[in-house]
Amino acid sequence: MNNRGYYSQFGGAYLPEILVATFDELAAAFAAVKNDPQFWQEYQALMATYSCRPTPLTLAENLTRHFGGARIYIKREDLNHTGAHKANNVMGQGLLVKRMGKTRVIAETGAGQHGVATATMAARFGYDCTIYMGEVDVERQRPNVFWMEQLGAQVVPVKDGTRILKDAINEAFRDWVSNMDNTHYVLGTACGPHPFPEMVTHFQSIIGQEAREQIMAREGRLPARVYACVGGGSNAMGIFAGFMDDDAVELVGVEAGGRGLASGAHASRLCSSDAAIGVAQGYKTYFLQDAEGQMQETHSIAAGLDYVGVSPILSHLKETGRVRFEAATDREVVDSMRLAIRKEGLIPALESAHAFVQAFKEAPALAPDEALIINQSGRGDKDIFTVADAFEDPGWREFIIRKAAQYQA
Amino acid sequence: MLEHYLKERRQQKDILLMTHIVLGYPSWEDSLAIVDAMVAAGVDLMELQIPFSEPIADGPVILRANQEALQRGATVERCLAFGREVARRHPIPFVYMTYYNILYRYGVARFVDNMADSGLQGAIVPDLPPEEGSGYIEAMTQKDMHPVFIYSPTTDDARMHYLAGFARGFVYCVARKGVTGMDTSFSDDLEQYLDRCRAATDLPLALGFGVKEKADVEFLKGKVDIAVIGTQTIRLVESEGVAAVAGFIRGLR
């Protein structure tokens, strides 16, 4: 445990003794590939042939016209295989697992995107796969459970705690402490003990590298602002990484405001006073917790943002002021998603739609010769049940009732 | 000095027993009754677990006990008051077991002051390796409290020696991989691991995870100083009630 991965006071490796050797092994394996240009080439080639990299940067002309301000560009992570940026991290870790010689992968999942991505990777590389998913999320994202199972993964519904993402992470750790000899834990976001925040950011930084090249090619200048939604923080860290050293580019992270910050029913760790610094799940960051340190229930319409902690790197970037954080409410998210669908024919995931909300609020005030980038971290098709409920679509409702009746017959 | 007490006690007994409860589970009345029964049945020291919402090293039985205790309002303040009361009431040493966030939010120095003032002897904080715990170790040392560190079968010899440099009171040896409450195979492998533990420190050794019956305790005699009974008494209280505790403990050695 020599390098424990601190970002000012955030991060670290608060590990039970049984996992120390496993993390030392992982940190060493990651350090070796990080400095190996061949590994990155192998990774890029895999993502170009198996996923859809480089993903396009789409100019949203209708939205730009609608808001009358900055030119709105959208980074299309939704076009990755399995429909989200999660594939970047998962395939990178999949290659790492091969180098480490392990034969089984486990993962937590909230929205199910990371679980599906991991199950795909496991199928492709020939690993055994177990996915832990909170019981509440199993209900919210049933189609993803179906696909994970079809891909050969065992999906374990987690019935303890608040039965969402954080509880799935705890269960994955409990599996890992028993099976670390042959098993790698594919953590899905830039959280957890060192080296996960750095490693996940490393694989996701492919988003920002591409986006920077693409915007320079299109506009000949840097964007004024870059927007990303923030759950654990992996898509945000990924796109921000490309612009971190460009001081003129303002980076904006958008958290889940749920039913509003004042309601307490949200998942906003970096722009609500309900969060405080603490240590859980092996790392130090801002957590939504009570005065005694017990983690609180969180709420978001987007399962993938419904998490008590946040990347320690983002906590650090909040304190240095490099990234500005905002929150979008469930209602605003549904409205912005509808607008993106109607105006551009894009279907952002509910998670990604949080970034759209803030960009839409700010675009009119920017000059027409400026550009902004929104990271569309995933596609919204998976959210059809939640979105159809939010849109109160009568045709869909009738269809479900008929379909259920067929199964009952 | 906890170490001194344990070594002295070992002169009189083949093996010592450390038992465990989750504070406030199944209720505060039961917690007190369980401690009284355990002490009356002759346990040598006790681990008092302050519930935490994310008990990452614990298996399903203790995990649920943590959750239910919290749902029934087991606050940290109430746990500390309970610790103070039992330490005054009984002559055996008590240590807290909890996760680091509980200390961190309470204030590490303030937490340690409270322990010392209440007559507790030390603490086990399973998610705080010494690398992350310098402030904790310093506060504990200042107040003559015992930071108990953990060995596991995956800990190599060099790290065992490193950990021994910070440990006081005793070292808690985890019997196997996995979380609390699963079966342990009491075998030659375990014996070889315990030989490594023994070679790394002069402190008394406690062995926990999966110890649940007399045969297990018997196996550990001569190999460690303390057998730790954790999950099994929670299961017992759940299935047979508090009244079954004393008989169970008496039957262990």
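As the structure is a computational prediction, the values presented were derived from the model and not from experiment.

**Some details on the overall build of chain A**
Step number 1: Along the backbone of chain A there are 15 helices and 14 strands.
Step number 2: Against the 2.2 N^0.38 benchmark of 22 Å for 409 residues, chain A shows a C-alpha radius of gyration of 20 Å, consistent with a compact globule.
Step number 3: Summarising its shape, the C-alpha atoms of chain A cover approximately 60 × 55 × 50 Å along the three principal directions.
Step number 4: Within chain A, the fraction of its 409 residues that count as buried is 59%.
Step number 5: Taking as baseline every contact in chain A between residues at least 6 positions apart, the subset at least 24 positions apart corresponds to 74%.

**Notes on the overall build of chain B**
Step number 1: Counting its regular elements, chain B contains twelve helices and eight strands.
Step number 2: For chain B, whose C-alpha radius of gyration is 17 Å, the value lies close to the compact-globule estimate of 18 Å for 253 residues.
Step number 3: The principal-axis extent of the C-alpha atoms belonging to chain B is close to 45 × 40 × 35 Å.
Step number 4: The 253 residues of chain B split such that 55% are buried.
Step number 5: Within chain B, residue pairs in contact and separated by at least 24 positions form 74% of the contacts whose partners lie at least 6 positions apart.

**Observations concerning the packing of helix H8 (residues 157–164) of chain B against helix H9 (residues 188–200) of chain B**
Residues and elements named next belong to chain B.
Step number 1: For the pair H8 and H9, interaxial distance at closest approach is 9 Å and the crossing angle is 45°. When the axis of H8 is compared with that of H9, the two are oblique. The handedness of the crossing between H8 and H9 comes out as right-handed. Within the contact between the two elements, H8 uses Asp157, Met160, His161 and Ala164 and H9 uses Arg196, Cys197 and Ala200.
Step number 2: For the contact of H8 with H9, the per-class residue count stands at four nonpolar, one polar and two charged.

**A look at unusual backbone geometry**
Step number 1: For the bond running from Arg53 of chain A to Pro54 of chain A, omega is -5°, close enough to zero to count as cis.
Step number 2: Its location among the elements puts Pro54 of chain A in the loop between helix H2 (37–50) and strand E3 (57–59).
Step number 3: Cis geometry is found at the peptide bond from Tyr25 of chain B to Pro26 of chain B, where omega equals -5°.
Step number 4: Looking at where Pro26 of chain B falls in the secondary structure, it is placed in the loop between strand E1 (16–22) and helix H2 (28–40).

**So, the sheet that holds strand E6 (residues 128–134) of chain A**
All names here are of chain A.
Step number 1: Pairing within the open sheet is parallel, and its four strands lie in the order E7-E6-E5-E8. Strands at the two margins of the open sheet, each flanked by one partner only, are strand E7 (154–158) and strand E8 (183–185). Each adjacent strand pair in this sheet contributes to an overall mean axis angle of 20°, direction not counted.
Step number 2: As defined by bridge partners, strand E5 (residues 104–109) adjoins E6 across six bridges and the pair is classed as parallel. Residue pairing in the sheet places Ala107 in a bridge with Ile131 of E6.

Rules and cut-offs
Residues numbered from 1 in each chain as written. Chains lettered and ligands numbered in written order. Predicted model: local features only at pLDDT ≥ 70, side-chain atom pairs only at ≥ 80, totals over all residues. Helix = DSSP H or I, 4+ residues; strand = E, 2+ residues; numbered from the N terminus. Rg over C-alpha atoms; globule rule 2.2 N^0.38 Å. Buried ≥ 20, exposed ≤ 12 C-beta atoms within 10 Å, placed from the backbone. Contact = placed C-beta atoms within 7 Å. Axes fitted to C-alpha atoms, helices over the stretch in contact; angles between N-to-C directions. Parallel < 35°, antiparallel > 145°, perpendicular 65-115°, else oblique. Left-handed = near helix turned anticlockwise from the far one by under 90°. Nonpolar A, V, L, I, M, F, W, Y, C, P; charged D, E, K, R; others polar. Pairing = 2+ DSSP bridges.

Honestly, that's just the spatial picture; any functional story needs more than this.
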